[in-house]
Structures are given as structure tokens and as C-alpha cells.
Amino acid sequence: MSQEGLAAAAKLHRTYVGSIERGERNVSIDNMDKLATALGVSLSELLREVAQ
């Protein structure tokens, strides 16, 4: 999924999504929930740490 597609699905601005990906923004819990919903995962899944 492109940043633009994710932004549209989450109802967020595409430059905001890009700045999140680059680590330039702190994301509110509300916006994390929007991103998780747009990706089709739960918020807990989005935030889950993957063991290496």
C-alpha cells in the first residue's frame, strides 16, 4: 500500500503519513487507531513488538 493510499484510507493527510514513516512525528493514539483500521489490523497488533 502506498503512503497516499494509506493516508486516504485512514483519512489523514499524505504528508503526515510520510512524516510518521520517516520518524519526524509523534503519533496520537487516535491517529494510530485510524492507521491500524486502514491496514486491517488491531491497534495492539500494530504496536506489537516482534521478537528478533
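Position labels on residues start from 1 in each chain and follow its written sequence. Residues qualify for local features only when their pLDDT is at least 70, as the model is predicted, and side-chain atom pairs are given and counted only at 80 or more; totals for whole chains, interfaces and linings, by contrast, use all residues. To get the side-chain values, all heavy atoms of the structure are used, and hydrogens and water are removed first.

Draft legend 1. Focus on the overall build of the protein chain. Elements are defined by DSSP. Helices are runs of H or I of four residues or more, strands are runs of E of two residues or more, and each kind is numbered from the N terminus. Each helix and strand counted, the protein chain has 4 helices and 0 strands in total. Counted from the first residue to the last, the protein chain has its helices and strands arranged as α-α-α-α. Each radius of gyration is computed over the set of C-alpha atoms, and the globule rule expresses the reference value as 2.2 Å times the number of residues to the power 0.38. On C-alpha atoms alone, the protein chain measures out to a radius of gyration of 11 Å, which is about the 10 Å that the 2.2 N^0.38 rule sets for 52 residues. Summarising its shape, the C-alpha atoms of the protein chain cover approximately 30 × 20 × 20 Å along the three principal directions. Buried, partly exposed and exposed residues are distinguished by accessible area as a fraction of the type maximum, computed with a 1.4 Å probe on protein chains only: under 20%, between the cut-offs, and over 50%, respectively. Expressed as a percentage of the 52 residues in the protein chain, the buried residues total 25%. Accessible surface for the protein chain amounts to roughly 4000 Å². Of this, 49% is attributable to carbon and sulfur atoms. Positive: Lys, Arg. Negative: Asp, Glu. His and the chain ends are not part of the count. The atom standing in for a charge is NZ when the residue is Lys, CZ when it is Arg, CG when it is Asp and CD when it is Glu. Each charge class in the protein chain can be summarised by its mean position, and for the 6 positive and 7 negative side chains these summaries are 6 Å apart. For every accessible area listed, the method is Shrake-Rupley and the probe measures 1.4 Å; residues are considered covered only by the protein chains on display.

Draft legend 2. Layout of the nonpolar core. Counting residues in hydrophobic clusters, the biggest one holds 8 residues: Leu6, Ala7, Ala10, Leu12, Tyr16, Val17, Leu35 and Ala38. Elements supplying a minimum of two residues to this core: α1 (3-10), α2 (14-21) and α3 (29-39). With 3 residues, the top contributor of residues to this core is α1. When near neighbours in sequence (up to four residues on either side) are disregarded, Ala10 contacts Lys34, Leu35 and Ala38. Put simply, a nonpolar core is a bunch of buried Ala, Val, Leu, Ile, Met, Phe, Trp, Tyr and Cys residues held in one set by side-chain atoms that sit within 4.5 Å of each other. By the convention used here, residues are in contact when the closest approach between their heavy atoms is within 4.5 Å.

Draft legend 3. The arrangement of the side chain of Asn31 in detail. Note on placement: Asn31 falls in helix α3. Residues in contact with Asn31, not counting those within four places in the same chain, are Leu12 and Tyr16.

Draft legend 4. Structural detail: α3. Asn31, Met32, Leu35, Ala36 and Ala38 are the residues of α3 that are buried. One side of α3 carries all its buried residues, which in axial view fall inside an arc of 165 degrees. Of the exposed residues in α3, the ones pointing more than 90 degrees away from its buried face are Ile29, Asp30 and Thr37. Directions pointing from the helix axis toward each C-beta atom define the arc.

Draft legend 5. Representation of a nonpolar patch on the surface within the structure. Patch definition: residues with relative accessible area over 30% and no salt bridge; like charges joined within 9 Å; nonpolar side chains (Val, Leu, Ile, Met, Phe, Trp, Tyr) joined within 5 Å. The salt bridge criterion pairs a side-chain nitrogen of Lys or Arg with a carboxyl oxygen of Asp or Glu, the two atoms within 4 Å. Nonpolar side chains collect at one region of the surface, where Met1, Ile29, Leu39, Val41, Leu46 and Leu47 lie side by side and expose about 560 Å² of accessible area between them. If you list the elements that add at least two residues to the nonpolar patch, you get α3 and α4 (43-47). Along the polypeptide, Leu39 turns up in helix α3. Its relative accessible area of 41% is what places Leu39 among the partly exposed residues.

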